[in-house]
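What follows is the residue order along each chain.
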Amino acid sequence: MTTLRTDLTTPPPRLPVRDRAAARQRAWGGVSPMLGRLATERATGVLVRERGSLYLADGEVVHAESPAVPGLDVLLTARGTLDAAGWRDAVGAAGERSRVGRFLVESGRIGAGALEVCHLGALYDAAYFALSPSGAPGHFTYGDRHWLGPVRPVPVAAVEHETLRRRALLHRIWPDPAPDSAPLLLSGSPAAPTVTARQHAVLALVNGVRTAADIALALARPAFHTLVDVRRLAAAGVIAPKAPPPPAVTAPPPPSASSVSSAPPAPPGTLPPSFADPNITLLKRLRDALEAL
Amino acid sequence: MATTETALKEALTSIEGATGVALVDYTSGMALGTMGGSKTFDLNIAAAGNTDVVRAKMRTMEHLGLKGEIEDILITLSSQYHLIRMMKGRGGNGLFLYLVLDINRSNLAMARHQLKRIESEIEV
């Protein structure tokens with residue numbers, strides 16, 4: 001009896017609880033565990049993640065793409081660094097051989113330095129989104145090469161380091177990530193006197209419908225750079241993210257409606273339809289987290 | 001028409017007294033290329049930090065309603081010159097060249113002139 005009583009008063013052993021910050025770091029905060037392994041084995045191919053793809057050659061990053069960012073063609077042609085016809089010709093002439101970059105330089109359409117600078121800008125921009133925390137694990141296809149061909153390969157560690165630095169930079173400017181993906185509204189307060197010419201161009205496009213990604217594309221600026229401007233403007237109180245519409249209360253929620261309300265707002269076209277089902281997304285996140293242990 | 005690497009290497013070897021040079025994107029604070037520096041002088045950290053210098057100056061100019069553009073910014077330490085040269089170019093992405101000079105071995109006027117030439121070689 002006494003033993004039973006002492007047993008009852010003794011608190012049950014503490015359940016093992018993971019440190020949430022550390023778990024997030026292990027699971028997906030540390031950019032991508034898979035990417036590190038691919039770099040070690042000097043892999044060649046493409047890593048496809050939820051919000052973008054990274055192309056590797058011999059374990060180094062040669063290119064990155066994301067539907068959230070303006071592509072290299074947009075960045076090059078928007079300000080006349082290269083004309084659109086020149087880009088099309090190069091893709092037609094050298095795309096098959098995966099040497100578009102080299103062709104552009106050798107045919108004198110663009111200087112090697114200018115191409116490198118624009119390409120590096122586009123690569124790190126897309127990589128920031130491709131490596132953003134995702135609800136689904138990435139998958140790697142060995143052997144795939146990008147048609148652009150190598151311009152200036154970058155070590156995986158440098159891309160990971162820069163991506164984390166960029167996350168920290170945005171967080172320092174304004175810790176709320178809501179303006180990154182939601183439609184943006186002018187908050188109605190008079191523009192702060194510190195708004196720069198670059199930011200005025202962003203403000204001119206804020207209309208309650210466009211997201212930061214839409215504005216980046218319209219201005220043909222890197223999407224991350226637009227996020228920096230958007231977060232600075234949000235911090236200054238000049239713009240605010242539009243609140244998501246309240247869920248409909250009339251009919252019992254159909255599965256599609258529930259997935260819309262539970263998923264974070266994302267620019268159209270960034271989520272493949274297969275990831276829209278919340279149950280599958282949850283299972284994939286679980287698998288991702290377990291794999292990362 | 002040089003690659004960024006050869007242009008930066010040229011800056012380091014041809015500019016008298018140069019100990020480090022970086023090509024920096026000032027919105028993100030990322031160094032697109034660095035050359036030189038040392039264990040005690042991390043050019044990547046210098047690049048990120050100096051974007052704040054550039055931004056502060058630009059903001060001040062906006063406040064004052066000055067329409068001109070920054071050509072370069074000189075910071076003089078007791079033993080070093082730090083020279084920031086804004087790149088004009090069509091890219092419009094906001095790049096600058098960052099050059100570290102040893103004050104005792106350098107000719108500032110010549111260094112500014114040479115940096116201008118190196119900018120035109122990268123010509124974004």
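None of the values given here were measured: they were computed from a predicted structure. (Residues numbered from 1 in each chain as written. Chains lettered and ligands numbered in written order. Predicted model: local features only at pLDDT ≥ 70, side-chain atom pairs only at ≥ 80, totals over all residues. Heavy atoms only, no water.)

The next subject is the sheet that holds strand S4 (residues 139-142) of chain A. Residue and element names in this part refer to chain A. On the basis of which strands lie adjacent, the open sheet formed by 5 strands has the order S4-S1-S2-S3-S5 and antiparallel pairing. Two strands lie at the open edges of the sheet, namely S4 and strand S5 (154-155), each paired on one side alone. Bridge count for strand S2 (residues 52-57) against strand S3 (residues 60-65) is 5 bridges, and the pairing is antiparallel. Paired with Leu54 across the two strands is Ala64, which belongs to S3. In the packing of helix H3 (residues 33-40) onto the sheet, the strands contacted are strand S1 (45-49), S2 and S4, and the crossing angle to S4 comes to about 25°. (Pairing = 2+ DSSP bridges. Helix = DSSP H or I, 4+ residues; strand = E, 2+ residues; numbered from the N terminus. Contact = heavy atoms within 4.5 Å. Axes fitted to C-alpha atoms, helices over the stretch in contact; angles between N-to-C directions.)

Residues and elements named next belong to chain B. As summarised here, the arrangement of the 5 strands in space is S2-S1-S5-S4-S3, forming an open sheet in which the pairing is antiparallel. Only two strands of the sheet have a single partner each, and these edge strands are strand S2 (30-36) and strand S3 (72-76). Sheet twist, expressed as the average angle between the axes of neighbouring strands with direction ignored, equals 15°. Pairing geometry for S3 and strand S4 (residues 80-87), over 5 bridges, is antiparallel. Its bridge partner lying in S4, Leu74 is registered against Leu83.

Quick look at the packing of aromatic side chains now. Residue and element names in this part refer to chain A. Under the defined criterion, the tally for this structure stands at 4 aromatic pairs over all chains. On the numbers, 6.0 Å between centres and 70° between planes, the contact of Trp87 with Trp147 is edge-to-face. Remark: Trp147 occurs in the loop between S4 and S5 and Trp87 occurs in helix H5 (residues 84-94); sequence separation between them is 60 residues. By relative accessible area, which is 10% here, Trp87 ends up buried. (Phe/Tyr/Trp six-rings, centres within 6.5 Å; stacked < 30°, edge-to-face > 60°. Buried < 20%, exposed > 50% of the residue type's maximum accessible area, 1.4 Å probe, protein only.)

So, on to the interface of chain B and chain A. Each partner contributes residues to the interface: chain B has 27 residues there, and chain A has 29 residues. For the pairing of chain B and chain A, the buried interface totals around 2,300 Å² over both sides, and the portion due to carbon and sulfur atoms is 57%. At the boundary of chain B and chain A, one finds 0 salt bridges. Applying the counting criterion to the chain B and chain A interface returns 6 residue pairs in polar contact (both at pLDDT 80 or more). At the level of elements, helix H1 (4-14), strand S1 (18-25), S2 and helix H2 (43-64) of chain B are the ones that each hand at least two residues to the side of chain B that touches chain A. For the side of chain B that touches chain A, the element with the highest residue contribution is H2 of chain B, accounting for 5 residues. (Buried area = accessible area lost by both parts, 1.4 Å probe. Salt bridge = Lys/Arg side-chain N within 4 Å of Asp/Glu carboxyl O. Polar contact = N/O pair within 3.5 Å; in protein donor to acceptor, adjacent residues only side chain to side chain.)

Attention shifts here to the nonpolar core. Residues Leu54, Val159 and Ile239 of chain A together with Ile15, Leu23, Leu97 and Leu99 of chain B are the most contacted members of the largest nonpolar core, which totals 68 residues. By residue number, the principal contributor to this core is helix H7 (residues 112-130) of chain A, which donates 9 residues. Here this core spans two domains, since at least three of its residues come from each of domain 1 (32-173) and domain 2 (178-241) of chain A. Setting aside residues up to four positions removed in sequence, Ile239 of chain A forms contacts with Leu184, Leu185, Leu186, Ser187, Leu203, Val206, Val230, Leu233 and Ala234 of chain A. (Core = buried A, V, L, I, M, F, W, Y, C linked by side-chain atoms within 4.5 Å. Domains from an automatic or database assignment.)

With that settled, consider the pairing of strand S5 (residues 95-102) of chain B. Residues and elements named next belong to chain B. Most of S5 sits inside the fold, with 7 of its 8 residues counted as buried. Pairing of S1 with S5, which is carried by 7 bridges, proceeds in the antiparallel orientation. Bridging from a neighbouring strand, Ala18 pairs with Leu101 of S5. Bridge count for S4 against S5 is 8 bridges, and the pairing is antiparallel. Along S5, the bridge assignment pairs His82 with Val100.

What follows deals with the domain arrangement of chain A. Residue and element names in this part refer to chain A. Annotation of chain A at the domain level lists domain 1 (32-173) and domain 2 (178-241). Inter-centroid distance (C-alpha atoms) of domain 1 to domain 2 is 25 Å. Facing the 15 residues of domain 1 at the interface are 15 residues of domain 2. When the area that domain 1 buries against domain 2 is broken down by residue, the three leading residues are Pro70, Leu170 and Ile173, summing to 42%. Here domain 1 and domain 2 share 0 salt bridges between them. In this assembly, domain 1 and domain 2 are joined by 3 residue pairs in polar contact (both at pLDDT 80 or more).

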